[in-house]
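An overview of the molecular structure
Each chain, written out:
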Amino acid sequence: MIFHTVLFNFVEDVTSENVQGLEDALRADVANFPQVTFYACGPDLGVSVGSDQFAIVAGAETAEDLEHYLNDPGHKAIAADWKHLVATRHAVEFESKKYLND
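What you are looking at is a predicted structure, and each value in this text was computed from that prediction instead of being measured.

Notes on the side chain of H4
Counting through the fold element by element, H4 comes out in strand β1 (residues 2-10). In this view, H4 contacts I56, V57, A58, L66, L70, R89, A91, V92 and E93; residues no more than four positions away in its chain are not counted.

Written out as structure tokens, the structure reads:
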């Protein structure tokens, strides 16, 4: 499976309502893409000091399926609409062939 992982830190004046709105928009958008077979997102729980504030993990069987989602105009529009709330963004795509308990 190919995973796309994104970590955000927000600007100082972001509200919990802003964060929930972003999460809601992302979850509604990904529902339009059956190619994305794994999806998780949400704010940091504060378990580890120094963690980023929000994470997204999307998974698909092929890089092409993941690219279809990432390059979709609707997905790009969400990124553009919410960009003003993001102070830092880090992303990585990777392949995982083995899962725990396999």
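That was the structure; now back to the text.
Side note on the pattern of salt bridges
All told, the structure shown has one salt bridge when counted by the stated rule. E23 serves as the salt-bridge partner of R27, at 3.2 Å between the closest nitrogen and oxygen. Of this pair, R27 and E23 both sit in helix α1 (residues 16-30), separated by four residues, roughly a single helical turn.

Section: the packing of α1 against helix α3 (residues 73-82)
Running from amino to carboxyl end, α1 crosses α3 at an angle of 175°, the nearest separation of the two axes being 10 Å. In this view, α1 runs roughly antiparallel relative to α3, as classed from their interaxial angle. On the side of α1, the interface is formed by N18, G21, L22, A25, L26 and D29, while α3 contributes G74, H75, I78 and W82.

Digging into the nonpolar core
In terms of nonpolar packing, the biggest core is built from 21 residues, with L26, V36, Y39, F54, I56, L66 and Y69 touching the most fellow members. When contributions to this core are tallied by element, the ones reaching two or more residues are β1, α1, β2 (36-43), β3 (54-60) and α2 (63-70). For Y39, the contacting residues outside a window of four places in its chain are L26, R27, V30, I56, V57, A58 and Y69.

Digging into the sheet that holds β3
Judged by pairing direction, the sheet is antiparallel, and its four strands sit side by side in the order β2-β3-β1-β4 without closing on themselves. Each end of this open sheet is capped by a strand with a single partner; those strands are β2 and β4 (86-95). Shown here is a sheet whose adjacent strand axes are inclined to one another by a mean of 10°, direction ignored. Summarising the sheet, β1 and β3 pair through seven bridges and their orientation is antiparallel. Along β3, the bridge assignment pairs L7 with A55.

Quick notes on the rules
Residues numbered from 1 in each chain as written. Predicted model: local features only at pLDDT ≥ 70, side-chain atom pairs only at ≥ 80, totals over all residues. Heavy atoms only, no water. Helix = DSSP H or I, 4+ residues; strand = E, 2+ residues; numbered from the N terminus. Contact = heavy atoms within 4.5 Å. Salt bridge = Lys/Arg side-chain N within 4 Å of Asp/Glu carboxyl O. Axes fitted to C-alpha atoms, helices over the stretch in contact; angles between N-to-C directions. Parallel < 35°, antiparallel > 145°, perpendicular 65-115°, else oblique. Core = buried A, V, L, I, M, F, W, Y, C linked by side-chain atoms within 4.5 Å. Buried < 20%, exposed > 50% of the residue type's maximum accessible area, 1.4 Å probe, protein only. Pairing = 2+ DSSP bridges.

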